[in-house]
Amino acid sequence: MKQNIIIGLDIGTSSIKMLAATPLEDGTGLEILGFVEEPSFGVRRGVVVNLEEATKAVVVAKNRLESVISKKISEAFISIGGSHLFLATSRGVVAVSRADGQISQEDVDRVLQAAQALSLESNKEILDVIPKEFVVDGVTGIKEVVGMRGVRLESEVLAVCGFTPYIKNLTSVVLASGIEIPNMIPTSLAAAAAVLTPHQKELGVAVLDIGAGTTGLAVFQEGDLLHTAIFPIGSENITNDIAIGLRTEHDAAEQIKKEYGTCMPSRGRKTEKVEMEGAEPVTFTQHFLSHIIEARTKEILQQAQKEIKKVTKHGDLPAGVVLCGGGAKLPKIVDLAKKELKLPVKIGTPHNVVTAQDDTALMTVLGLVIQGTGDYEGGDGIPGIGFTGFLKKVFGVFIP
Ligand SMILES: Nc1ncnc2c1ncn2[C@@H]1O[C@H](COP(=O)(O)OP(=O)(O)OP(=O)(O)O)[C@@H](O)[C@H]1O
Ligand SMILES: [Mg+2]
């Protein structure tokens, strides 16, 4: 039997992650066949700003993954990031087509299509539509509508929209790297697909993906997506603050963050002297370093809290906040987030994936292949994920 290989490609601000996986035969999850991570170039705050540099970097990742899995790669589910992404709500109305009033899949497709008639500025476009609920002859709150009877069918959808030039830049880079794109998924929603369980989504939960240049948030309640937003701030801002605060170079600051960084000031006043090749030795106290990190991490958390409060009653999320992204590797971030958000907080781990990889920075690319499992031809999705096949690709524009 031919093995179905699904590829995820996450072009992040600091690194490109590419992963190959195959659905387990018993349908219970995914097996990882190979994974590579390469430095990213030509990407700023989650968006491609230099096509040539970004293409070169994607080609390097693609070639490496091809040699890891000993197979040619021709298509990949890709993430799209950047604070240009936004959600809009929209409604569509159609008359049920069958004479006996039974609602068919075709009616559902038409009413979702009708809901895409959003008035967007000419440089914005819809990436995905997510059905929220259907209304049949005025009865609201219906999730599964096929087979019901009625005359008037309405749909309420969330449309994920973005800035066309950024979307085009990203697709150009991927296509120029010899990779076709069956579907494109916002980074925050891909991360959610990897780490959130249906139960958490039912209770009310948020995922916070702290990347290098951006932080993505996705909020779920009663099983559905409620809100998503991406802020142009991330762990790279912490590195820059350390570089300024300790008067050192960027690379030294990055190394100090990873080796000595923590989110909550310790009582100890231990002084560290770090010597780095080609740079002046840096001397600092743990206390001072953690103050720098705490201040910026708080800012990121406060932005998330503001967004969560916009869409939930008093910021109430019983299943709390799940952290992922490379920025979530900072020690004590869970404690700081609990204190700031006044919610349960934990580090995200993947579901339904057979892997030793539980690196928080990989959740987006894992989510892409999980999402891809539901999208590939003949795929039924992974039971229990409750997200696969949920986002619907609107345009078939990603295949040249
Ligand atoms: N051990 C660590 N401690 C603290 N920060 C870390 C650690 N490891 C990685 N990071 C930070 O995580 C960031 C990279 O995370 P990630 O790979 O999720 O970002 P990205 O996907 O490239 O960026 P974005 O999602 O913003 O486009 C970097 O800023 C890096 O400094
Ligand atoms: Mg990322």
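Cut-offs and rules
- Residues numbered from 1 in each chain as written.
- Chains lettered and ligands numbered in written order.
- Predicted model: local features only at pLDDT ≥ 70, side-chain atom pairs only at ≥ 80, totals over all residues.
- Heavy atoms only, no water.
- Disulfide = S-S within 2.5 Å.
- Buried < 20%, exposed > 50% of the residue type's maximum accessible area, 1.4 Å probe, protein only.
- Near = heavy atom within 4 Å.
- Polar contact = N/O pair within 3.5 Å; in protein donor to acceptor, adjacent residues only side chain to side chain.
- Areas by Shrake-Rupley, 256 points an atom, 1.4 Å probe, with all protein chains shown as cover.
- 1 Å grid on protein atoms, 1.4 Å probe; cavity = no way out; pocket = protein on both sides within 12 Å on 5 of 7 lines; lining within 4 Å.
- Sits in = over half its atoms within 2 Å of the grid points.
- Phe/Tyr/Trp six-rings, centres within 6.5 Å; stacked < 30°, edge-to-face > 60°.
- Helix = DSSP H or I, 4+ residues; strand = E, 2+ residues; numbered from the N terminus.
- Lys NZ or Arg CZ within 6 Å of the ring centre and 35° of its normal.
- Domains from an automatic or database assignment.
- Contact = heavy atoms within 4.5 Å.
- Buried area = accessible area lost by both parts, 1.4 Å probe.
- Salt bridge = Lys/Arg side-chain N within 4 Å of Asp/Glu carboxyl O.
- Nonpolar A, V, L, I, M, F, W, Y, C, P; charged D, E, K, R; others polar.

Caption draft 1: Representation of the state of the cysteines in the model. Enumeration according to the criterion identifies zero disulfides in this entry. Free cysteine Cys 324: the closest other cysteine sulfur is in Cys 263, separated by 15 Å. With a relative accessible area of 0%, Cys 324 lands in the buried category.

Caption draft 2: Layout of the site of ligand 1. Neighbouring ligand 1 are 21 residues, the closest being Thr 13, Ser 14, Lys 17, Glu 254 and Lys 257. In this structure, Lys 17 approaches ligand 1 through a side-chain N or O atom, which is 2.6 Å from an oxygen atom. Gly 327 places a polar main-chain atom, nitrogen or oxygen, 3.3 Å from an oxygen atom of ligand 1. Computed on the free molecule, ligand 1 has an accessible area of 660 Å², of which 90% lies beneath the protein chains in the complex. Here ligand 1 occupies the largest pocket.

Caption draft 3: Spatial organisation of the packing of aromatic side chains. This model, assessed by the stated rule, comprises two aromatic pairs. Residues Phe 163 and Tyr 166 carry aromatic rings whose centres are separated by 5.0 Å and whose planes lie at 75° to one another, so their mutual orientation is edge-to-face. Between the aromatic rings of Tyr 260 and Phe 284, the centroid separation amounts to 5.7 Å while the plane-to-plane angle is 80°, which identifies the pairing as edge-to-face. Here the residue Tyr 260 occupies a position in helix α7 (residues 250-260), and Phe 284 occupies one in strand β16 (residues 279-285), the gap between them amounting to 24 residues. The exposure class assigned to Phe 284 is buried, which follows from its relative accessible area of 3%. Over the aromatic face of Phe 220 sits the side chain of Lys 201, whose NZ or CZ is 5.0 Å from the ring centroid.

Caption draft 4: Summary view of the domain arrangement of the protein. The domain architecture assigned to the protein consists of domain 1 (6-83 + 164-196 + 350-393), domain 2 (86-162), domain 3 (210-233 + 295-347) and domain 4 (236-293). Each side of the interface is counted separately: domain 1 has 12 residues, and domain 2 has 12 residues. Here domain 1 packs against domain 2, burying approximately 980 Å² in sum over the two surfaces, 62% of which is carbon and sulfur. Taken together, the links from domain 1 to domain 2 amount to zero salt bridges. Across the contact surface, domain 1 and domain 2 share three residue pairs in polar contact (both at pLDDT 80 or more). When residues of the side of domain 1 that touches domain 2 are traced back to their parent elements, those giving at least two are α3 (164-176), β11 (184-186) and β20 (392-393). Looking at the side of domain 1 that touches domain 2, the element that brings in the most residues is α3, giving three residues. A breakdown of the residues in the side of domain 1 that touches domain 2 according to their chemical character gives eight nonpolar, two polar and two charged.

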